[in-house]
Amino acid sequence: MFDLDRWREIFQSINKNRLRSVMSGFTVAFAILLFTLLFGVASGLGNFFKSAFADDAQNMMFVRVWKTTKPYKGLQTGRAIQLKNTDYNYITEEYEDKIQYQSARVYKNFSIKYKNDASSYSVTAVHPDHQFLEKTIMDEGRYLNERDLREKSKVIVIGRLVKKDLFGEKPALGKRVNVNGSSFLIIGIFSDEGGDNEERKTYIPISTAQMMYGNNDYISQINLGYNPNLSTDAAIAFGKKVERDMRKKLNIHPDDQSALSVRNMAEANKFVSILMFALYLIIGFIGSGTLIAGIIGISNIMIFVIKERTKEFGIRKALGATPGSIIGMVVQESVLITTLAGYFGLMLGTYILSAIGNSLEEKYFIKDPTVSPGIVIGATVILILSGLIAGYVPAKRAARIKPIEALRAD
Amino acid sequence: MIRIEKLHKSYPIGKDSLHVLKGIDLHIKEGEFVSIMGSSGSGKSTLLNIVGLLDIHDEGDYYLNGQLIKDLNEKKAAILRNKFLGFVFQSFNLISYKTALENVALPLYYKGMNRKERLKVAMDYLDKVGLKDWASHLPNELSGGQKQRVAIARALVTNPKVVLADEPTGALDTTTTDSVMDLLKDINDEGMTVFVITHEEEVAEQTKRIVRLRDGIIISDTPTKAAKAL
Ligand SMILES: Nc1ncnc2c1ncn2[C@@H]1O[C@H](COP(=O)(O)OP(=O)(O)OP(=O)(O)O)[C@@H](O)[C@H]1O
Ligand SMILES: [Mg+2]
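Conventions we followed
Residues numbered from 1 in each chain as written. Chains lettered and ligands numbered in written order. Predicted model: local features only at pLDDT ≥ 70, side-chain atom pairs only at ≥ 80, totals over all residues. Heavy atoms only, no water. Helix = DSSP H or I, 4+ residues; strand = E, 2+ residues; numbered from the N terminus. Buried < 20%, exposed > 50% of the residue type's maximum accessible area, 1.4 Å probe, protein only. Contact = heavy atoms within 4.5 Å. Pairing = 2+ DSSP bridges. Axes fitted to C-alpha atoms, helices over the stretch in contact; angles between N-to-C directions. Parallel < 35°, antiparallel > 145°, perpendicular 65-115°, else oblique. Left-handed = near helix turned anticlockwise from the far one by under 90°. Nonpolar A, V, L, I, M, F, W, Y, C, P; charged D, E, K, R; others polar. Buried area = accessible area lost by both parts, 1.4 Å probe. Salt bridge = Lys/Arg side-chain N within 4 Å of Asp/Glu carboxyl O. Polar contact = N/O pair within 3.5 Å; in protein donor to acceptor, adjacent residues only side chain to side chain. Patch = residues over 30% accessible without salt bridge, like charges linked within 9 Å, V, L, I, M, F, W, Y side chains within 5 Å. Areas by Shrake-Rupley, 256 points an atom, 1.4 Å probe, with all protein chains shown as cover. Lys, Arg positive; Asp, Glu negative; His and termini not counted. Charge placed at Lys NZ, Arg CZ, Asp CG, Glu CD. Phe/Tyr/Trp six-rings, centres within 6.5 Å; stacked < 30°, edge-to-face > 60°. Near = heavy atom within 4 Å.

> So what exactly am I meant to see when it comes to the side chain of A:Gln131 here?
Residues and elements named next belong to chain A. Tracing the sequence through the fold places Gln 131 in helix α4 (residues 130-134). Owing to a relative accessible area of 17%, Gln 131 belongs among the buried residues under this scheme. Every residue in contact with Gln 131, bar those within four places of it in the chain, is listed here: Thr 136, Met 138 and Tyr 143.

Shown next as structure tokens:
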């Protein structure tokens, strides 16, 4: 392989027969280009699906309640269900090992006032874990902590846009705002990938809220992050179990979707992963078809090329070339052409994909399409192998022709 | 150098077979200059190809340089050709995309000689056939006679035991024919065994021994006037 003379022979043969070399290279370059683009587009679609759920934690689940629609154990339909702290604690104790994060939510909208500026914002009362469930990103200061909860502190974390509305470019951290008549200390400013709406929110400790709202222990919703070690199927089963258990605990008909339901990201995840699997299966099928077509293409050209060179091989044999050296020469030439051409196709494809970038996200749901290094390495190996096959089969045949017959060819 | 005994060769043609060589006995010693004559289809090329290990005989024995040629595989044949034999063909058979010098150097590549050395040796042989100045030309930039001299240089470059030439002058006019024959005579004078096929009496007369074939049988085997003159 590292015989310099052999390489010189091959470069000379490629260089002196440029049209032929370019022709055989073109098939491969084209096949690899298509292959790269296909996989890039598939990965772009995958990225889009993933980012569509990027707002919240992937392992999020939440327990929602409303009104009963089915009578149960003598209870009427239309009964409003209210979650309370006991329900929250029940979940903590019952499913400890299956839960990574847990937070309650109480939703309200209040006017928030700073100096003379005031506006209405959503004020959500939560537990500290809520930060991870909502993927809240702290730009300044800190999020709510256990101590705030214990001491029922009047502290507030505000979204980037709330800060912008009320403070403009001036610092907000450590300032006090008036929330529905009470003074709150701003301890943190956050951003969120979920978009503008998410950044117009504010968060306060749930204990503070419950005290403020009439000293009750009401909860609007319970959010959970299931243990990420759970398989998707186990997580789905876990969600179903929470749903069953909670309905039982709150005397709700086992099938009353409206009264209490658990929304589980695992189900969406499962759907996305099935979708992606199907997509990759189809693309893999088409992609390998393209590659095979490329290999057959170059094989055909090599057969033609070798026919054209039969006489040359005859001359070489008469001068002392062994069949092995003829096969070696042809195979090496074919591998070189396929590898170079394939690499060219790969680079072109990668370049096109990077040029596309996120420009197709809006219309075609393709986000940041790239080919993974694994695919690139795989494709390179396939290229070299295809060069070997494409060269070996016809070279073997050419080497078998008796020198006297090869010499007679023209 | 070459010893052939009761050699037979047939070519299969469909279901039948064409019996081309029908028991050839021939002995060529080292340093001989032999020509084969005979009408078209008499089996001259067939014989030369067998002697050149480009084709295989069916029956009889063939010894090259004392070695019995039997059940040779392609690889062994290639090595023997490279070591013992040099070929000159009617149609020159130069590789079109290689220069005169590279064509001459090619057998040395298969011998495993390094590039620098083989180009030097090849240049010596090009010089010997008077084409040193044409070293960097491609075959299609050379005349027929020049091409054949390049081919002769290529046949000689490995310093073989025997040079085999199948109608080397067949595609040349009389003047170039003479220059090619002079070259072959020179080589022979230096002690090389030369074996040529020809149609032309004048060419055959310049060798030292004429073997005449008819229908696959040797009908005469005589020294030439040139040989008697020595
Ligand atoms: N590969 C082959 N297959 C079938 N028949 C062949 C083959 N090679 C030669 N022949 C036949 O064998 C006979 C002898 O051929 P050969 O080439 O030895 O003749 P030749 O004496 O060299 O003739 P020429 O003077 O025309 O070159 C011819 O009839 C030819 O048609
Ligand atoms: Mg002939």
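> Whenever I open this one, the sheet that holds strand β10 (residues 217-223) of chain B confuses me. Can you help?
The strands making up a sheet associate through hydrogen bonds between their backbones, and the pairing can be parallel or antiparallel. Residues and elements named next belong to chain B. Judged by pairing direction, the sheet is mixed, and its six strands sit side by side in the order β6-β7-β8-β3-β9-β10 without closing on themselves. The open sheet is flanked by β6 (85-89) and β10, the only strands paired with a single partner. Averaged over all adjacent pairs, the angle separating strand axes in this sheet is 15°, with direction ignored. Pairing analysis gives five bridges linking strand β7 (residues 162-166) to strand β8 (residues 193-197), with the strands arranged parallel. Across the sheet, residue Leu 164 finds its bridge partner in β8, namely Phe 195. Contacts from helix α5 (residues 144-156) reach β6 and β7, with the element oriented near 170° to β6.

> Can you walk me through helix α10 (residues 310-318) of chain A in this structure?
Count 3.6 residues to each turn of an α-helix, and residues three or four apart come out pointing the same way. Residue and element names in this part refer to chain A. In terms of burial, α10 is a largely internal element, eight of the nine residues being buried. Of the positions making up α10, those classed as buried are Thr 310, Glu 312, Phe 313, Gly 314, Ile 315, Arg 316, Lys 317 and Ala 318. Among the residues trailing α10, Gly 320 stands out with phi positive, at a value near 115°.

> Looking at this structure, how should I read the packing of helix α3 (residues 85-94) of chain A against helix α8 (residues 232-249) of chain A?
Relative orientation and spacing of two packed helices are given, respectively, by the angle between their axes and the distance between those axes. Residues and elements named next belong to chain A. Viewed as axis vectors pointing N to C, α3 and α8 meet at an angle of 140°, and their least axial separation amounts to 12 Å. With respect to α8, the axis of α3 lies oblique. Helix-helix and strand crossings are classified by hand; for α3 and α8 the assignment is right-handed. Contacts between α3 and α8 involve Thr 86, Asp 87, Tyr 90 and Ile 91 from the former and Asp 245, Met 246 and Lys 249 from the latter. Here the contact of α3 with α8 is composed, by residue class, of three nonpolar, one polar and three charged.

> Could you clarify how one ought to interpret the interface of chain B and chain A in this entry?
The extent of an interface is frequently quoted as the accessible surface area lost upon association of the parts. Chain B puts 26 residues into the contact, and the matching count from chain A is 27 residues. At the boundary of chain B with chain A, total buried surface from both sides reaches about 2,400 Å², with 57% on carbon and sulfur atoms. Remark: the boundary between chain B and chain A carries two salt bridges. The partner of B:Lys98 in a salt bridge is A:Glu9, with the nearest N and O atoms 2.8 Å apart. Our count for the contact surface shared by chain B and chain A stands at ten residue pairs in polar contact (both at pLDDT 80 or more). Looking at the side of chain B that touches chain A element by element, the count peaks at six residues for helix α2 (residues 74-84) of chain B. Taken together, the residues of the side of chain B that touches chain A break down into 13 nonpolar, four polar and nine charged.

> It is not clear to me how the side chain of A:Glu333 should be interpreted in this structure. Could you clarify?
Residue and element names in this part refer to chain A. By the secondary structure assignment, Glu 333 is in helix α11 (residues 323-356). Here the side chain of Glu 333 touches Arg 309 through a polar contact of 3.2 Å, side chain to side chain. Residues in contact with Glu 333, not counting those within four places in the same chain, are Ile 10, Ser 13, Ile 14, Arg 20 and Arg 309.

> Could you clarify how one ought to interpret a negative patch on the surface in this entry?
All names here are of chain A. Taken together, Glu 93, Glu 94, Glu 96 and Asp 97 make up a surface patch of like negative charges. Locating Glu 93 in the fold gives a position in helix α3. The class of Glu 93 is exposed, set by a relative accessible area of 63%.

> I keep staring at the packing of aromatic side chains and nothing clicks. Help me out?
All names here are of chain A. Summed over the entire model, instances satisfying the criterion amount to 13 aromatic pairs over all chains. With a centroid separation of 5.9 Å and 15° between ring planes, the pair formed by Phe 26 and Phe 30 is classed as stacked. Note that Phe 26 and Phe 30 are positioned in helix α2 (residues 18-52) at a spacing of four residues, about one turn of the helix. Judged by relative accessible area, which is 55%, Phe 26 ranks as exposed.

> Explain the sheet that holds strand β4 (residues 59-64) of chain B here, please?
All names here are of chain B. Strand order in the open sheet made by the four strands is β2-β1-β4-β5, with antiparallel pairing throughout. A single partner strand is all that each edge strand has here, and the edge strands are β2 (16-28) and β5 (67-68). As defined by bridge partners, strand β1 (residues 2-13) adjoins β4 across five bridges and the pair is classed as antiparallel. Within β4, the residue paired with Ile 4 across the bridge is Tyr 62. Relative to the sheet, helix α1 (residues 44-51) contacts β1, β2 and β4, its axis offset from that of β1 by approximately 120°.

> I would appreciate a short explanation of the pattern of salt bridges in the present structure.
Close approach of charged atoms lets side chains of opposite charge pair. This model, assessed by the stated rule, comprises 24 salt bridges over all chains. In this structure, A:Glu312 and A:Arg309 form a salt bridge, with 3.2 Å as the shortest nitrogen-oxygen distance. Like A:Arg309, A:Glu312 is buried. Residues joined in a network through salt bridges with shared partners are A:Glu9, A:Arg309, A:Glu312, A:Arg316, A:Glu333 and B:Lys98.

> Looking at this structure, how should I read the pairing of β10(B)?
Each regular strand displays side chains that alternate between the two surfaces of the sheet. Residues and elements named next belong to chain B. As judged from the six bridges shared by strand β9 (residues 209-214) and β10, these two strands associate in the antiparallel manner. Note that in β10 the partner of Ile 210 across the bridge is Thr 222. Between the antiparallel neighbours β9 and β10 lie two residues, among them Asp 215 with a positive phi of about 50°.

> How should the site of ligand 1 be read in this particular structure?
In the vicinity of ligand 1 there are 14 residues, among which B:Ser40, B:Gly41, B:Lys44, B:Ser45 and B:Thr46 approach most closely. Near ligand 1, residues from chains A and B are present, making the site a shared one. At 2.7 Å, a side-chain N or O of B:Lys44 approaches an oxygen atom of ligand 1. In the environment of ligand 1, an oxygen atom lies 2.7 Å from a nitrogen or oxygen atom belonging to the side chain of B:Ser45. For ligand 1, the accessible surface in isolation is 630 Å², of which the surrounding protein chains cover 67%. Those elements giving two or more residues to the shell around ligand 1 turn out to be β2 and α1 of chain B. Of the residues assigned to the shell around ligand 1, the class counts are three nonpolar, eight polar and three charged.

So far we have only geometry, and geometry alone does not tell us how the molecule works.
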